[in-house]
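# Structural overview
Residues per chain, in single letters:
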Amino acid sequence: MSVKLKCVTCGRPFPRGQGVVLSKGGLTLTFHSSRCAYRFFKLLLDRIDERCFVDVAKGLASELERVLEERRARVQKRI
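Along each chain, residue indices are assigned from 1 in the same order as the chain's sequence is written. Per-residue local features of the predicted model are confined to residues with pLDDT of at least 70, and side-chain atom pairs are confined, for both listing and counting, to 80 or more; whole-chain, interface and lining totals are unaffected and use all residues. Each side-chain value is derived from all of the structure's non-hydrogen atoms; neither hydrogens nor water enter the calculation.

## Observations concerning the overall build of the protein
Along the backbone of the protein there are two helices and four strands. The secondary structure listing takes helices from DSSP runs of H or I that are at least 4 residues long and strands from runs of E that are at least 2 residues long, numbered from the N terminus. Secondary structure of the protein in N-to-C order comes out as β-β-β-β-α-α. This radius of gyration counts C-alpha atoms alone. The globule rule is 2.2 Å times how many residues there are, raised to the power 0.38. Its C-alpha atoms give the protein a radius of gyration of 18 Å, more than 25% over the compact-globule value 12 Å for 79 residues. The dimensions of the protein, computed from C-alpha atoms along their principal axes, are 55 × 35 × 20 Å. Evaluated residue by residue, the protein yields a buried proportion of 10% over its 79 residues. Any two residues having at least one pair of non-hydrogen atoms within 4.5 Å are treated as being in contact. In the protein, 18% of the contacts between residues at least 6 apart in sequence involve partners at least 24 apart. When the accessible surface of the protein is split by element, carbon and sulfur atoms take 57% of a total near 7100 Å². Each residue is placed in one exposure class: buried if its accessible area under a 1.4 Å probe, protein chains only, is under 20% of its type's maximum, exposed if it is over 50%, and partly exposed if it falls in between. Using a 1.4 Å probe, the Shrake-Rupley method yields the accessible areas, and only the shown protein chains count as cover for residues.

In structure tokens, the structure reads:
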């Protein structure tokens, strides 16, 4: 019998191996769908300390932009 997890956003139970499960620092968040995960993180962004969020978000955005640029350079046609 598969273990059922419960979505922290809507409370819907779902089987282990499905849904979105995130663990960090002893905290495990379980969502039955990406839509519920999105709703949770949207609410989290409204409540989190802005100074902390802005620093981390800027760093992550610049890192992802750098990775995209490297990927574009690799796949660009060379004539």
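## Some thoughts on the side chain of threonine 30
With respect to the element layout, threonine 30 can be found in strand β4 (residues 27–31). From its side chain, threonine 30 meets the backbone oxygen of lysine 6 in a polar contact 2.5 Å long. Once residues within four sequence positions are removed from consideration, threonine 30 is found in contact with Leu5, Lys6, Cys7, Val8, Phe14, Val20 and Val21. Nitrogen and oxygen atoms within 3.5 Å of one another constitute a polar contact, given that in protein one can donate a hydrogen and the other can accept it, and given that sequence-neighbouring residues count only through two side-chain atoms.

## Some points on the confidence of the model for the protein
Mean pLDDT over the protein stands at 92; residues scoring 70 or higher make up 96%. On a range of 0 to 100, pLDDT expresses the predictor's confidence in each residue. The secondary structure element of the protein with the lowest average pLDDT is helix α2 (residues 50–75), at 92, and the one with the highest is β4, at 96.

## A look at the nonpolar core
As used in this record, nonpolar core signifies buried Ala, Val, Leu, Ile, Met, Phe, Trp, Tyr and Cys residues forming a set joined through side-chain atoms within 4.5 Å. Membership of the largest hydrophobic core is limited to seven residues, which are Leu5, Cys7, Phe14, Leu29, Phe31, Cys36 and Ala37. When residues of this core are traced back to their parent elements, those giving at least two are β4 and α1 (34–47). Discounting chain neighbours no more than four positions away, the residues touching cysteine 36 are Cys7, Thr9, Cys10 and Phe31.

## Here we look at the pattern of salt bridges
What counts as a salt bridge is simple: a side-chain nitrogen of Lys or Arg found within 4 Å of a carboxyl oxygen of Asp or Glu. Considering all chains together, one arrives at three salt bridges under this definition. With a shortest N-O distance of 3.0 Å, glutamate 70 and arginine 66 are connected by a salt bridge. Of this pair, glutamate 70 and arginine 66 both sit in helix α2, four residues apart, which is roughly one turn of that helix.

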